[in-house]
Amino acid sequence: MTKTNNYSDMANAIRFLSMDAVQEANSGHPGLPMGAADIATVLFTQFMNFDPKNPDWPDRDRFVLSAGHGSMLLYSLLYLLGYEDIDIKQIKNFRQLGSNTAGHPEYGHAAGIETTTGPLGQGFANAVGMAIAERKLNAEFGDDIVDHRTYCLVGDGCLMEGISQEALSLAGHLKLNKLTVLWDDNAISIDGAISLSDSTNQIARFKASGWNTLKIDGHNPQEIAAAIKTAGESDKPTMIACKTKIGFGSPNKSGTAGAHGAPLGEDEIKLTRKALGWDEKPFKIPEDVLDAWRIAGLNSCKEKKAWEKRFSELDPEIRGEFERRIRGDMPAALETAIQEMKKQLAKDQPKMATRQSSQAVLEVINGVVPETIGGSADLTGSNNTKTSQTEVFSAEDYSGRYIHYGIREHGMAAAMNGMALHGGLLPYSGGFLIFSDYCRPSIRLAALMGIRVVHVLTHDSIGLGEDGPTHQPVEHLASLRAIPNLMVFRPADTVETAECWQIAVEAANTPSAIALTRQGLPTVRTEYSQDNLCRCGAYELSPASKDAQVSIFASGSEIEIAIAAQAQLEDEGVATRVVSVPCFELFETQSAGYQQSIIGDAPVKIGVEAAIRQGWDRLIGNDGAFIGMSSFGASAPAGDLYKHFGITAEAVVKAAKKKLK
């Protein structure tokens, strides 16, 4: 760790790089980096363990900038510390097309960016997930291999977002004492003073949820250091309220909303240079100051060398397992286990709800993939996400593989992102499909970042029955399918469920949502196939007796209806085929030739799904018939609802005959 005599100059380097970059881009948020520069300087030079030359070192401390609009704080730090992905050219190209320095930090753009932030509060909840991952892996591999901290800088906006309550209460409940949250308490938002919209006692709020809390002057390096040290000794997570002045150093804009979300202006920057005694030209850092930062970067990696020695002395089998999990590779046993299960299913041909199918598949997966960590938003018995291998992860025992998230869907989804980003774990969780609305911002960010998380979303249609339209998803499949780089699966039976799960856990750079039924479904894949047919996204499940006059495309529970309709039409001499469509997104990745062969040239094309039509025209065309929903559902038994809304084999047959006339 480094302590220098030119501490204020080191902090000012962050301030001036930030204000110069925002000014050059004529866009951005200079106020937070200027206000939080002292906090960041103390944290990165005196406390954090990391290695700029080996930024993916598994046991590094994590830093999350939850207040992502202050991205120049992070970019300045990465440049000053010597991270290769952020050089001075990248700083000058802040917010420009193709640069690593996007308007908000984006995971994957540069080493040292631990997560994508910007939507306020998400980073906070990601940090909770990272802290969970650290404790879980520590319980497995021990202090010598996994023993690091997670630091998160939050702003007033992060703490006003509802997700913050879900995140902080979960962290307090789990006693995640390796988590330190630094609150940039500058009392300013875009509209003006925080007092315009909020009067929450944040310290009392955190205390009430089981946190250790400290209050300091965020511009006093001694107080900052003492507080971070105290946090490191606590048996609880710690929130440090750092009283700061937004836009610190600006004579006319500090402490005002004018410093928040717009360039300071050339004249104000000149005045700020004078006020802080900074004589350098834009983007120029004095050699001694840059040297001090680079030395801090070098000193920070000393712990890594000791870790490497400990790691090299591990039992080779344990070392290999840890490396595999950090790489994100699946165990070789997974393929064999899935194939054996599919063979047995072809013999047994069970009838069960696909949520139960999912649990059966998870029983197999969790037995051979030890890095899975499951959970549910207080719906364990409904989502069927717990298996015999998954003991509860708790403050008393961090070795468990199942988290009771409580009714915290949004926080759950964001924490899962944090676990996936941390590495070494494969998080999945359970909720009702209708409540994917609560998870959506985090699911979208998972897709944007390209990380592996799996959302089990049960009760996927009017088929859930009596709970009624408040709980019956209608537009949700289309809504989720609209998110780029998200695989949305809707399997038709246990065989398809196994295949969809296999795809989901093997997809290292894509999150997945698996929509599952409450009602029982028959096995429709009655013959064993070594190939994972669901990888194609759509495939011919039941061919026509001759050249097809009708093609029926369906997913999930409506496959049963499609097959019944096919039988009726074939009995009447109408050649009909059924195509199962478990995943639109995978179908779009197939060759044009394959896609055309599946869509086919039957004159009548019908889509069947107990949801809205949106998206189905890709398969059935604008003139195709669609049997599904065009309104909200109702409260009644599932069978009555399918008849009431006309989602039946008879309705499919009628639609086919009408089109054939």
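Residues numbered from 1 in each chain as written. Predicted model: local features only at pLDDT ≥ 70, side-chain atom pairs only at ≥ 80, totals over all residues. Heavy atoms only, no water.

## Some words on the overall build of the protein chain
Step number 1: A count of helices and strands for the protein chain gives 26 helices and 20 strands.
Step number 2: Its C-alpha radius of gyration of 28 Å places the protein chain within 12% of the 26 Å reference for a compact globule of 661 residues.
Step number 3: Projected onto the principal axes, the alpha-carbon positions of the protein chain cover approximately 90 × 55 × 45 Å.
Step number 4: Taking as baseline every contact in the protein chain between residues at least 6 positions apart, the subset at least 24 positions apart corresponds to 78%.
Step number 5: Accessible area of the protein chain: about 24400 Å², with a carbon and sulfur share of 49%.
Step number 6: Across the protein chain, the centroid of the 63 positively charged side chains sits 2 Å from that of the 81 negatively charged ones. (Helix = DSSP H or I, 4+ residues; strand = E, 2+ residues; numbered from the N terminus. Rg over C-alpha atoms; globule rule 2.2 N^0.38 Å. Contact = heavy atoms within 4.5 Å. Areas by Shrake-Rupley, 256 points an atom, 1.4 Å probe, with all protein chains shown as cover. Lys, Arg positive; Asp, Glu negative; His and termini not counted. Charge placed at Lys NZ, Arg CZ, Asp CG, Glu CD.)

## Notes on the sheet that holds strand β2 (residues 150-154)
Through backbone hydrogen bonds, the strands of a sheet pair up, either in parallel or in antiparallel fashion.
Step number 1: Taken in spatial order, the five strands of this open sheet run β1-β2-β3-β7-β6, and their pairing is parallel. Bordering the open sheet on either side are β1 (62-65) and β6 (212-217), each of which pairs with just one other strand. Strand-to-strand twist of the sheet, defined as the mean angle between neighbouring strand axes without regard to direction, takes the value 20 degrees.
Step number 2: Pairing between β2 and strand β3 (residues 179-185): five bridges, direction parallel. When the sheet's bridge partners are listed, Cys152 is paired in β3 with Val181.
Step number 3: Relative to the sheet, helix α2 (residues 31-46) contacts β1, β2, β3 and β7 (238-243), its axis offset from that of β3 by approximately 150 degrees. (Pairing = 2+ DSSP bridges. Axes fitted to C-alpha atoms, helices over the stretch in contact; angles between N-to-C directions.)

## Focus on helix α17 (residues 409-422)
Step number 1: The end-to-end C-alpha distance of α17, which contains 14 residues, comes to 20 Å, matching closely the 20 Å that a straight helix rising 1.5 Å per residue would cover.
Step number 2: Taken across its 14 residues, α17 has 14 buried, putting it largely inside the fold.
Step number 3: One or two positions beyond α17, positive phi appears at Gly423, with a value near 95 degrees. (Expected span 1.5 Å × (residues − 1). Buried < 20%, exposed > 50% of the residue type's maximum accessible area, 1.4 Å probe, protein only.)

## Looking at the packing of aromatic side chains
Step number 1: All told, the structure shown has 18 aromatic pairs when counted by the stated rule.
Step number 2: Between Phe16 and Trp278 the ring centres are 5.1 Å apart and the planes differ by 10 degrees, which places this aromatic pair in the stacked class. Note that Phe16 is positioned in helix α1 (residues 7-25) and Trp278 in the loop between α10 (266-276) and α11 (287-299), a separation of 262 residues in sequence. Each of the two residues, Phe16 as well as Trp278, counts as buried.
Step number 3: Taking 6.0 Å as the distance between ring centres and 15 degrees as the angle between the ring planes, the aromatic pair formed by Phe432 and Phe435 counts as stacked.
Step number 4: Take Phe432: its relative accessible area is 8%, and that puts it in the buried class.
Step number 5: One aromatic cluster is present, formed by Trp57, Phe141, Trp307, Phe311 and Phe322 through successive ring pairs.
Step number 6: For Lys386, the ring lying beneath its charged end belongs to Tyr402, and the centroid distance is 5.7 Å. (Phe/Tyr/Trp six-rings, centres within 6.5 Å; stacked < 30°, edge-to-face > 60°. Lys NZ or Arg CZ within 6 Å of the ring centre and 35° of its normal.)

## Concerning the sheet that holds strand β17 (residues 550-554)
Step number 1: The strand order across the open sheet built from five strands is β16-β18-β17-β19-β20, with neighbouring strands paired in mixed fashion. Pairing within the sheet leaves two strands with one partner each, and these edge strands are β16 (539-542) and β20 (625-627). Between one strand axis and the next, the sheet turns by 30 degrees as a mean value, whatever way the strands run.
Step number 2: Pairing between strand β19 (residues 604-608) and β20: three bridges, direction parallel. If you follow Gly607 over to β20, its bridge partner there is Phe626.
Step number 3: Against the sheet, helix α26 (residues 649-660) makes contact with β17, β19 and β20, and its axis sits at roughly 155 degrees relative to β19, the strand it touches most.

## Some words on the nonpolar core
Step number 1: Of all hydrophobic cores here, the largest spans 122 residues; its most connected members are Phe124 and Trp293.
Step number 2: Not counting residues within four places of it along the chain, the set of residues in contact with Trp293 comprises Met10, Ala13, Ile14, Thr41, Phe44, Thr45, Leu77, Leu80 and Leu81.
Step number 3: Formed by 62 residues, the second largest nonpolar core is a distinct cluster that contains Val456, Ala492, Val550 and Ala651. (Core = buried A, V, L, I, M, F, W, Y, C linked by side-chain atoms within 4.5 Å.)

## Examining helix α20 (residues 494-506)
Step number 1: With 13 residues, α20 ought to run about 18 Å at 1.5 Å a step, and its terminal C-alpha atoms sit 18 Å apart, in line with that.
Step number 2: Within α20, twelve of the 13 residues are buried, leaving the element largely enclosed by the surrounding structure.
Step number 3: Those residues of α20 not exposed but buried are Thr494, Val495, Glu496, Thr497, Ala498, Glu499, Cys500, Trp501, Gln502, Ile503, Ala504 and Val505.
Step number 4: Regarding α20, its N-cap is Asp493, as a side-chain oxygen of that residue lies 3.1 Å from the backbone nitrogen of Val495 further along. (Polar contact = N/O pair within 3.5 Å; in protein donor to acceptor, adjacent residues only side chain to side chain.)

## Quick word on the side chain of Glu134
Step number 1: Residue position: Glu134 is located in helix α5 (residues 122-141).
Step number 2: Note on Glu134: relative accessible area 0%, which makes it buried.
Step number 3: From its side chain, Glu134 meets the backbone nitrogen of His148 in a polar contact 3.1 Å long.

## Some thoughts on a positive patch on the surface
Step number 1: On the surface, Lys654, Lys658, Lys659 and Lys661 cluster together into a positively charged patch.
Step number 2: Its location among the elements puts Lys658 in helix α26. (Patch = residues over 30% accessible without salt bridge, like charges linked within 9 Å, V, L, I, M, F, W, Y side chains within 5 Å. Salt bridge = Lys/Arg side-chain N within 4 Å of Asp/Glu carboxyl O.)

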